[in-house]
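Each chain, letter by letter, is given below.
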Amino acid sequence: MYDVVIVGAGIIGTFIARELSRYKLKIAVLDKLNDVACATTKANSAIIHCGYDAKPGTLKAKLNVLGNPMFDSICEELDVHFKRVGSLVLAFNDEEMNTLNELYQRGIQNGLKNIYVVEKEQLKSLEPNLSDSAAGALYAPDCGIIGPFELAVALAENAVENGVELLLNTEVSAIEKNDELFKVQTTAGVIKARYIINCAGVHADHINNMVSKEWFKITPRRGQYFVLDKSAGDLVSKVIFQCPTKMGKGVLVLPTVHGNILVGPDSEDIEDKQNLETTMERLEHVRTAAMKSIQNIPFDKSITSFTGLRASAEKGDFIIEESNDVKGLINVAGIESPGLSASPAIAQYVVQLIKEINGGFAEKEDFNPHRKKVMRFIELGDKEKAELIKNDPSYGRIICRCELITEGEIVDAIHRKAGAATLDGVKRRVRPGMGRCQGGFCSPRVMEILARELNKDILEIVKDSRASKILTGITKEQ
Amino acid sequence: MYDVAVIGGGPAGLAAAIEARRNGIQNILVIERDRELGGILQQCIHNGFGLHIFKEELTGPEYAERFVNELNELGIEYKLDSMVLEITKDKKVHYVNSKDGFVSIQAKSIILAMGCRERTRGAIGVAGTRPAGVFTAGTAQRYLNMEGYMVGKKIVILGSGDIGLIMARRLTLEGAEVKIVLERMPYPGGLTRNIVQCLNDYNIPLKVSHTISSIKGKDRVEGVTIVQLDESGRIIPGSEQFMECDTLILSVGLIPENELSEKLEMRLDKVTKGPYVNEAMETSVSGIFACGNVVHVHDIVDYVTEESRIAGRNAAKYAKGELKTEGRLVETVPGNGISYIVPHTIRVNNIENKVDLLMRVRQVFHDVRMIIKADGEKIREIKKSHLLPGEMERVSLDIKALTCKNIAKLEVEICEGEE
Ligand SMILES: Cc1cc2nc3c(=O)[nH]c(=O)nc-3n(C[C@H](O)[C@H](O)[C@H](O)COP(=O)(O)OP(=O)(O)OC[C@H]3O[C@@H](n4cnc5c(N)ncnc54)[C@H](O)[C@@H]3O)c2cc1C
Ligand SMILES: Cc1cc2nc3c(=O)[nH]c(=O)nc-3n(C[C@H](O)[C@H](O)[C@H](O)COP(=O)(O)OP(=O)(O)OC[C@H]3O[C@@H](n4cnc5c(N)ncnc54)[C@H](O)[C@@H]3O)c2cc1C
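None of these values were measured; they are calculated from a predicted model. (Residues numbered from 1 in each chain as written. Chains lettered and ligands numbered in written order. Predicted model: local features only at pLDDT ≥ 70, side-chain atom pairs only at ≥ 80, totals over all residues. Heavy atoms only, no water.)

1. Details of the interface of chain A and chain B
Phase 1: Listed per partner, the contact involves 50 residues of chain A and 49 residues of chain B.
Phase 2: Around 4,100 Å² of area is buried between chain A and chain B when both sides are counted, 54% of it from carbon and sulfur atoms.
Phase 3: Ranking the residues of chain A by area buried against chain B places Met280, Arg401 and Thr472 of chain A at the top, with a combined share of 15%.
Phase 4: Where chain A packs against chain B, one counts three salt bridges.
Phase 5: Put simply, Glu259 of chain B and Arg436 of chain A hold a salt bridge, and the shortest N to O gap is 2.4 Å.
Phase 6: For the interface between chain A and chain B, the tally reads 16 residue pairs in polar contact (both at pLDDT 80 or more).
Phase 7: Going through the elements one at a time, β18 (302–313), α10 (382–391), α13 (443–454) and β23 (473–474) of chain A are the ones with two or more residues in the side of chain A that touches chain B.
Phase 8: Residues of the side of chain A that touches chain B, tallied by class, amount to 21 nonpolar, 17 polar and twelve charged.
Phase 9: Here β23 of chain A pairs with strand β12 (residues 149–150) of chain B via two bridges, running antiparallel. For Gly473 of chain A, the partnering residue across the bridge sits in β12 of chain B and is Met150 of chain B. (Contact = heavy atoms within 4.5 Å. Buried area = accessible area lost by both parts, 1.4 Å probe. Salt bridge = Lys/Arg side-chain N within 4 Å of Asp/Glu carboxyl O. Polar contact = N/O pair within 3.5 Å; in protein donor to acceptor, adjacent residues only side chain to side chain. Helix = DSSP H or I, 4+ residues; strand = E, 2+ residues; numbered from the N terminus. Nonpolar A, V, L, I, M, F, W, Y, C, P; charged D, E, K, R; others polar. Pairing = 2+ DSSP bridges.)

2. Brief notes about the pattern of salt bridges
Phase 1: All told, the structure shown has 67 salt bridges over all chains when counted by the stated rule.
Phase 2: For the salt bridge of Lys372 of chain A with Asp412 of chain A, the shortest nitrogen-to-oxygen distance reads 3.7 Å. With Lys372 of chain A in the loop between α9 (339–358) and α10 and Asp412 of chain A in helix α11 (residues 407–415), the pair connects residues that are 40 residues apart, well separated along the chain.
Phase 3: Lys372 of chain A gets classed as exposed once you look at its relative accessible area, which sits at 56%.
Phase 4: Overall, Asp412 of chain A belongs to the buried group, its relative accessible area being 16%.
Phase 5: Among the salt bridges present, the one from Glu377 of chain B reaches Lys405 of chain B, with a minimum N-O distance of 3.1 Å. With Glu377 of chain B in strand β27 (residues 377–387) and Lys405 of chain B in the loop between α9 (399–403) and β29 (409–416), the pair connects residues that are 28 residues apart, well separated along the chain. (Buried < 20%, exposed > 50% of the residue type's maximum accessible area, 1.4 Å probe, protein only.)

3. Considering the domain arrangement of chain A
Residues and elements named next belong to chain A.
Phase 1: Entries for chain A in the domain assignment read domain 1 (83–144 + 220–310) and domain 2 (377–460).
Phase 2: Placing a centre on the C-alpha atoms of domain 1 and another on those of domain 2 gives a separation of 32 Å.
Phase 3: At the junction of the two partners, domain 1 supplies seven residues and domain 2 supplies six residues.
Phase 4: Of the roughly 520 Å² buried between domain 1 and domain 2 on both sides combined, carbon and sulfur atoms contribute 41%.
Phase 5: Run the count over domain 1 and domain 2 and you get two salt bridges.
Phase 6: Between Arg436 and Asp229 there is a salt bridge; the shortest N-O distance is 2.7 Å.
Phase 7: In the side of domain 1 that touches domain 2, the residues fall into one nonpolar, four polar and two charged. (Domains from an automatic or database assignment.)

4. Things to note about the side chain of Asn293 of chain B
Residues and elements named next belong to chain B.
Phase 1: Its location among the elements puts Asn293 in the loop between β21 (288–290) and α8 (301–319).
Phase 2: At 2.9 Å, the side chain of Asn293 forms a polar contact with the backbone nitrogen of His298.
Phase 3: The contacts of Asn293, once residues within four sequence positions are left out, are Gly115, Cys116, Pro256, His298 and Val304.

5. Observations concerning the packing of helix α1 (residues 11–22) of chain B against α8 of chain B
Residue and element names in this part refer to chain B.
Phase 1: Running from amino to carboxyl end, α1 crosses α8 at an angle of 40°, the nearest separation of the two axes being 7 Å. Between α1 and α8, the crossing angle belongs to the class labelled oblique. Read as a crossing pair, α1 and α8 show a hand that is right-handed. Contacts between α1 and α8 involve Pro11, Ala12, Ala15, Ala16, Glu19 and Ala20 on the former and, on the latter, Val301, Val304, Thr305, Ser308, Arg309, Gly312, Arg313 and Ala316. (Axes fitted to C-alpha atoms, helices over the stretch in contact; angles between N-to-C directions. Parallel < 35°, antiparallel > 145°, perpendicular 65-115°, else oblique. Left-handed = near helix turned anticlockwise from the far one by under 90°.)

Right, here's the structure in full:
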């Protein structure tokens, strides 16, 4: 029996789990997939927005504005990369300059102070590679970038360190409520709980409908991206938006925390909640649209492309509330952008909500907000590198030649709480395979390490999902 | 303090180190990041290495072994499992391994021999999902030949580079069904002998002017969409065809491994993507030499060995302060039909008796003349019945061709039709 069962181990589920682990509660986080952060949280723009975009008075506006300033301390506590690089929303004509001014006003109404409208003349000094046709911009220095899956992994690890149980490969298939208790049917058996927090992303309506009336519907909206090699990393230093127009929101060009460049996304309503395909036409659209902001984007340095699914609710705002007809079911749904930016505030909001419902929770005395520091070999100075290898020689063996990741870091990522068990799990945590060779060099080596550390046959090691087998057998000679 | 440090222990690094020793250098260090010497050759277990140099057909590991043995006989020092992280312009080399830790050494001269890397799915922009079962040919080769694992059962190969062709045969012999090899260009990328011996002999179809537009599959590859391309490389609408498979092997090109060269801010050639080099195989950073696939991708290892000997010999001279830097400079210029020429410049004073120009053509040519011009004037003409971008061409020029006049520019071009 659990006090709280959280369905979904994306950024929202893991954040809520970590915040609830401050209290004396028995908590489980369930996910149907074999790792945390494998759905929308692994495929988005990774921006910590400031909050001028959302309509004043909405939860989106409120929680985004509250969430943004919380990232410095949370990333410090959990040792996660976060950079406040600033953003520019570009306008290309007078009409768009008017829209910028509206955005500015909205930002002020939402409570922001540090935003500015800048004129054409100032643009090049802020971002030298901008297209000459940009007429002005809304400048927000507090906009940040982050590694969204790294944060979710860190939150999950910290939650587990503080007593939360992480149940992967556990798909919720039915929910019943009798008396005060939920009976949750899963692929890993029945789980009982007093509260359910539904953070199932694009499937949140599905979870809700298992026990409650159909309050809301989630539509997946697909967005596609290019990732460019680090050697293109100085293309832009800030997040470059385009002014929203009748034609849509425009595409972005932005740096990542690790020094790559992201270009995308487009926006397309689709039917299938599993559809993560990129398409030639859409990527071509992204390419042309992005060139409006920056003319000479080196698309020949593209190392991969990917797709994310926005979980869009009809009414356009986040849905964070206790179900009207099923007490104890708390829906955290429709968490599309700026869901990541708002996530720390969403977590606090949910904790507050459930505390009120329950009449408070007792705090743990020994809650530890910190995660064990992550050794990142390549970020160390020469002396520290030497020291680290002396203490643990596995940090002297480079496994990933592009990102210069050592065996020690990979082994650490496997053995941490909420650790990696797949090739992509290792990649999301410590980056081998993220570089320009996309794992060509390191995957045989990482698989060997995974098999050894997890005491598995290498043939069982998968790329990502449970059925994503990489090797199909042994050769005749072996 | 080393006289010569060699980065990379593949055929290029080995030949360069050995040659430096033969030229009187005692203090040499070869640094290799893999667990053994030999480079890419260790996974090329097929025949066909050494025809020029040893006049016999060796496998990759056999070819490598000859050089590894010689290296050992000469007592040249090497480090394995050691990754070079950085080289500085003042010739410090920083490397790491688990035994010695983080090490910095000083060298008088440095030879870059890091080989090349494979282009990936992202670099060629194939859309679709991202399931397991997509491999670059070299990675698949490593799984099969070095680790002993199979990578799939029903296979489509994209790209007709040599590694792809060799893997088509290898996978077939291992019992997999290689359904098709696709090539984007209107002609195959690999050597003709590989087309014959690896595809034709096993009835594996090759379709030129075809590529893949999208990959399907949630967990593992389930199939690919094949499209035909028109003369300018655009997809012909309506040509889409779905082919079921569980594995996609990419053999879509190799690029010099240039992290270290880029950090050194050395001049790179836009076409080869490797460093600019002169007749001594010296890069734009004085005292730093380069050879093998890190300069330009070779299809024949013998040429790698020969080129690397030049680098080794000159690095030795440099370390002894004997390399001539003064005197007349001749620039090589790829003319009509030629995509690049190595070396890029020639210091005439350093040439002993001849200089080899290595180059590739831009497209397939039949019955043409290769013309070498000195300052616009034809000095040599070679008849060629066929030229392929996949086969490197080599032209030896006698020193007299360079010294007879004060020439500044050496151009190679392809002339079609009769004179
Ligand atoms: C293209 C794109 C760009 C974006 N850019 C930004 C941005 O720049 N900044 C920003 O702030 N936000 C951005 N967002 C929004 C942000 O990514 C999301 O708000 C956030 O990731 C949502 O996290 P989540 O935890 O709600 O959902 P998810 O990460 O989707 O997690 C839901 C989890 O629930 C699990 N689940 C579902 N059904 C079940 C079941 N039956 N049983 C068990 N588990 C189940 C899933 O497996 C999944 O792991 C973007 C979104 C998209 C798509
Ligand atoms: C699959 C394949 C099939 C071929 N088939 C034939 C054939 O049939 N016949 C033929 O004649 N030729 C063939 N060739 C061509 C020939 O073998 C290659 O061109 C040749 O091996 C290139 O040698 P290299 O030393 O430049 O590169 P490599 O062999 O790649 O060696 C480079 C070495 O440098 C090391 N290294 C790189 N970076 C670092 C660093 N930072 N620190 C330390 N070490 C580093 C690498 O680990 C590697 O061992 C083939 C090539 C390939 C790839």
